[in-house]
Each structure stands twice: as C-alpha cells, then as structure tokens.
Amino acid sequence: MDLQLRILFFFTVIMFSAEEVKSELKGVEGRFITFPDPVLEFGFLTFQGKTIATVMEGEFEVLEETYKDRLSWNNQTGLFTIRVLQRADSGVYVTDSKKGTVSSTSHQLTVYEPAAAPVVRTLKVKADSCTLLCSVNGTEEMTLLWYKDEKILKRSGPAVCLPLTVQKQDFSSSYRCAAANPLEEKSLIFDATASCRGDGGTSSNTVVSSVSEKAKTDLKGVEGRSITFPDPVLEFGFLTFEGKTIAMVTDGEFEVLEETYKDRLSWNNQTGLFTIRVLQRADAGVYVTDSKKGTVSSTSHQLTVYKPLEVLKVYREYMWLDDCWLECWLNNYEETTLVWYKDDEILKQTGWSSSIKVHRQDFNSSYRCVAVNPVEEKTVRVNVTTLCSSDAPQTWWFLTPLLAFMAVVAFCIICSTIRRKRKRERERERETANQHSYEACSDEAV
C-alpha cells in the first residue's frame with residue numbers, strides 16, 4: 001500500500017509541475033516562512049517539481065535531507081513552515097491536498113538577504129558644499145535612499161553606494177540614508193553640521209559609521225621603498241588609514257582623497273591591490289581595505305615602517321701583544337641587532353656598536369658581522385689577517401673618552417693635594433699663634 005501511495009505522489013507531482021504560480025511569497029534569510037494553504041489529512045509539499053514532504057493519515061515525513069530540522073507541519077492548521085531560510089530555498093513550491101479540502105496551490109518564494117545597515121562617509125568638504133557617500137555591502141536587491149527632513153532627495157536602483165552633495169546653507173537640515181529591500185529597511189541618521197566642517201576647501205574624509213576591529217595582519221616596510229596590501233578591492237570600496245578614508249574605488253575608477261598620498265598611492269585595476277610607494281615613517285599605522293562589491297570583505301593591517309640599514313663598517317680598534325680588537329658599527333641602530341659570528345658560531349649579540357677580541361691563533365678563522373632588523377639584514381665579512389696586520393689603519397677614537405677621564409682624575413688629584421697642603425699650612429699657623437699667646441700669658445702671670 002505504501003508503495004502504491006508513493007507512486008501516486010510522484011505521478012501527481014508530474015501532473016502539477018507545469019502549473020501556473022498563483023501566489024508570491026517573500027522571506028528573509030535566517031527567518032521563517034509559512035505557506036498559507038493547508039494539507040490536513042493527505043497530501044504533499046513539492047519544491048521545483050520534487051516532493052520534499054508528505055502527509056499521510058496525519059503523519060508527517062520530510063523526504064529531502066536539506067529540509068531536515070527546518071521544515072515542519074502543524075497537524076492542527078495543516079500549514080507547512082520552513083525555518084532558518086536560505087537563499088537556495090528560493091523557487092516554486094506546491095502545497096497539494098488530496099483529501100478533505102482538495103486543492104493544489106503553487107507559490108513563488110523569494111528569499112532576500114537581511115537589509116544591511118548603511119555606512120555614511122564624508123568624501124570631500126569644500127567652502128560651500130560637502131560630498132557624502134552612503135554605502136552598504138554589495139547586494140543586487142538593495143535600494144539606497146537619501147532623505148532630507150523626511151523628504152526623499154535621491155534614490156538608487158539596485159546599488160551598493162549613493163553619493164549626495166549638500167550645500168553649506170543646508171548643513172543644519174536633518175539627513176538620513178536608508179538601505180531597503182522589498183521586505184525591510186535600515187536607516188542611519190547623519191549630522192551634516194558636525195561632519196562637514198572644513199577649513200575652506202581643504203579635503204576632509206571621515207568615517208562616520210564603522211566597525212572597530214583588531215588588526216588582522218602585520219605588514220612591515222622600509223622607508224623609501226613600497227608596500228602592497230594583500231586584500232583586493234575590485235569594483236567598489238575604500239582604503240582607510242587610522243579611520244580616515246584616503247582612497248576609493250567606484251565602478252572601476254580610482255581616486256586618492258588625501259594629498260599626502262598623491263603620486264604615492266596606486267591601485268591595480270586587474271588585481272584590485274593598493275600599493276604605497278616611497279614609504280615614509282609617518283605611513284606607519286592601521287590600514288583597512290574595505291571591499292563593498294564582488295568579494296565583500298574588510299581586512300585591517302598594522303603597517304610598521306623601518307629605517308633602511310645603510311652603513312655597516314668594521315674597524316680595527318687596536319692591537320695589544322697577540323690580541324686584535326675589532327669594532328662593528330652601524331649608522332642606524334633603531335630596532336637593529338648586531339651579531340658577530342666566528343664561522344657559524346655566534347660570538348656576541350648587541351646593539352648599534354659591538355667589539356670583539358680576536359687572538360692571533362684565530363686570525364685565519366672566518367669572521368663576519370651581521371646587522372638585522374625585522375625586515376632586512378646586512379653582512380660584512382672580515383679578513384682578520386689583513387685587518388689586524390701591523391700596517392693596517394687603527395682607530396683610536398675609543399681612547400678619547402679614556403684620556404678625558406684620566407685628565408679629569410689627574411686634575412681632581414692635583415686639586416685635592418693643593419687643598420690638603422693649604423689646610424696643613426693653616427693648621428701650623430694656628431698652632432704657632434696659639435703657642436705665642438700661651439707664652440705671652442705666662443709672662444704676664446709672672
């Protein structure tokens with residue numbers, strides 16, 4: 001009997017698969033939808049001509065795995081409900097009741113993404129106007145609207161951004177941007193007076209609404225060189241620095257908004273990657289590549305810019321008997337480590353200046369000094385036999401502080417000796433004077 005019923009179901013599906021759609025239903029991803037036509041005793045629910053659930057003698061069964069735990073049937077009302085809607089659930093459904101109230105009704109279900117909260121950015125501020133940009137994460141169903149005092153100023157079709165220019169005399173009006181799909185709308189109120197302040201034509205770019213996030217990647221660059229951010233913006237999006245928009249891509253057009261990045265910041269329209277050339281120390285900070293269309297993503301990067309390793313030198317300081325003192329010196333010691341190697345063994349590791357003592361029996365060994373920072377390293381290999389020969393130049397600058405110290409000590413010793421001598425002379429003079437006074441008193445007493 002069960003086999004006969006199932007065969008009947010499949011034949012019925014074929015009969016009604018070409019049926020005209022009678023109603024349109026709309027749902028939101030992650031929410032639920034209930035079909036309005038009941039199956040109380042015996043019938044089924046189909047999707048795109050395929051049976052996904054059956055009701056037989058009041059018993060409900062889900063036949064498709066993708067609907068397990070999401071599709072339910074109310075045995076009181078006879079209504080089917082799909083929970084946790086997915087975009088893939090969009091299509092034609094048929095509720096087919098074969099007993100009791102016999103009916104067959106088809107429904108075109110469309111599942112939309114939830115309406116995204118819009119973001120408003122101030123792109124440019126001039127003496128007499130302010131250019132704003134309202135945007136949302138890319139989706140075909142989203143409509144953007146600009147309101148002024150609850151009156152629609154501007155409306156887009158399916159889009160991900162909508163610009164608006166506000167004149168200075170209208171800064172005090174109430175503005176809001178709304179993002180809407182056929183089922184819901186989300187709005188952001190924008191204070192033009194506070195965000196459109198400028199210094200008479202100076203560009204100003206401010207992120208009004210943004211999500212705070214930790215930097216996801218660490219990038220390291222060298223002053224004067226270039227860095228390329230690894231996350232693309234291909235169609236529409238922004239590059240921000242410390243929360244401030246410095247460049248934007250709109251419909252494949254690239255614009256640099258900050259003067260300090262003019263002629264240094266570029267965008268590759270094939271790869272969608274941003275590159276900063278001629279890096280400066282002031283470029284260090286948090287950047288966000290924010291793609292709003294195509295591959296939607298927002299990734300932050302902590303960029304650190306280091307000084308280049310320029311001059312690394314090795315000198316012979318001096319010779320003493322069978323020992324040779326060598327000095328490794330670097331002109332730029334910021335976040336740099338100097339390492340002395342003998343063959344492949346580390347002898348010493350220190351900061352911007354480092355000296356070692358080499359015994360004569362080790363002159364033929366291989367020595368090198370290496371300067372390392374987080375992005376690069378430089379190496380100087382040392383021929384100790386040549387450098388420590390008797391006719392090799394020596395650097396005696398290290399003796400200067402020693403000689404100065406010795407001079408100070410000698411001066412202090414001389415001064416101390418003179419003071420002690422004068423003190424003894426004064427003591428002898430006082431003793432002589434006291435003796436004379438004692439003798440005079442003695443003569444008077446007699």
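> Just checking my understanding: could you explain the pairing of strand S28 (residues 323–330) for this structure?
Looking along a regular strand, one sees side chains alternate from face to face of the sheet. The element S28 is largely enclosed, with a buried count of seven among its eight residues. As defined by bridge partners, strand S27 (residues 312–320) adjoins S28 across eight bridges and the pair is classed as antiparallel. When the bridges of S28 are listed, tyrosine 315 appears paired with glutamate 327.

> Please clarify how the sheet that holds strand S24 (residues 274–276) should be interpreted in this entry.
For sheets, the rule is that strands pair by backbone hydrogen bonds, running either parallel or antiparallel. The strand order across the open sheet built from three strands is S19-S24-S23, with neighbouring strands paired in antiparallel fashion. Edge strands, defined here as strands with exactly one partner in the open sheet, are strand S19 (227–228) and strand S23 (265–267). Two elements, S19 and S24, share two bridges in a ladder whose sense is antiparallel. Paired with isoleucine 227 across the bridge in S24 is isoleucine 276.

> Please clarify how the confidence of the model for the protein should be interpreted in this entry.
Looking at the protein, pLDDT values average 79 and 82% of them are 70 or higher. pLDDT under 50 marks residues 7–19. Its contacts with residues more than four places away, or in other chains, come to 20 contacts. This model gives residues 199–215 a pLDDT under 50, and the stretch forms 43 contacts once residues within four places in sequence are excluded.

> Explain the state of the cysteines here, please?
The term disulfide refers to a covalent linkage connecting the sulfur atoms of a pair of cysteines. For the structure shown, the criterion picks out three disulfides. Between the sulfur atoms of cysteine 324 and its disulfide mate cysteine 388 the distance is 1.9 Å. The disulfide joining cysteine 324 to cysteine 388 has a torsion of about -75° about its S-S bond and is therefore left-handed. Here cysteine 388 lies in the loop between helix H3 (384–387) and helix H4 (399–445) and cysteine 324 lies in strand S28, a separation of 64 residues in the sequence. Classification of cysteine 388 by relative accessible area gives buried; the value is 4%. Paired by a disulfide, cysteine 328 and cysteine 369 hold their sulfur atoms 1.9 Å apart. Disulfide cysteine 328 to cysteine 369: torsion about the S-S bond roughly -90°, handedness left-handed. In this pair, cysteine 328 is assigned in strand S28 and cysteine 369 in strand S32 (residues 367–372), connecting sequence segments 41 residues apart. A residue is classified by how much of its surface remains accessible, and cysteine 369, at 0% relative accessible area, is buried. Summary of cysteine pairing: cysteine 412 is not part of a disulfide, and the nearest cysteine sulfur, belonging to cysteine 415, is at 6.6 Å. Residue cysteine 412 is classed as partly exposed on the basis of its relative accessible area of 45%.

Parameters at a glance
- Residues numbered from 1 in each chain as written.
- Predicted model: local features only at pLDDT ≥ 70, side-chain atom pairs only at ≥ 80, totals over all residues.
- Heavy atoms only, no water.
- Buried < 20%, exposed > 50% of the residue type's maximum accessible area, 1.4 Å probe, protein only.
- Helix = DSSP H or I, 4+ residues; strand = E, 2+ residues; numbered from the N terminus.
- Pairing = 2+ DSSP bridges.
- pLDDT = per-residue confidence, 0-100.
- Contact = heavy atoms within 4.5 Å.
- Disulfide = S-S within 2.5 Å.

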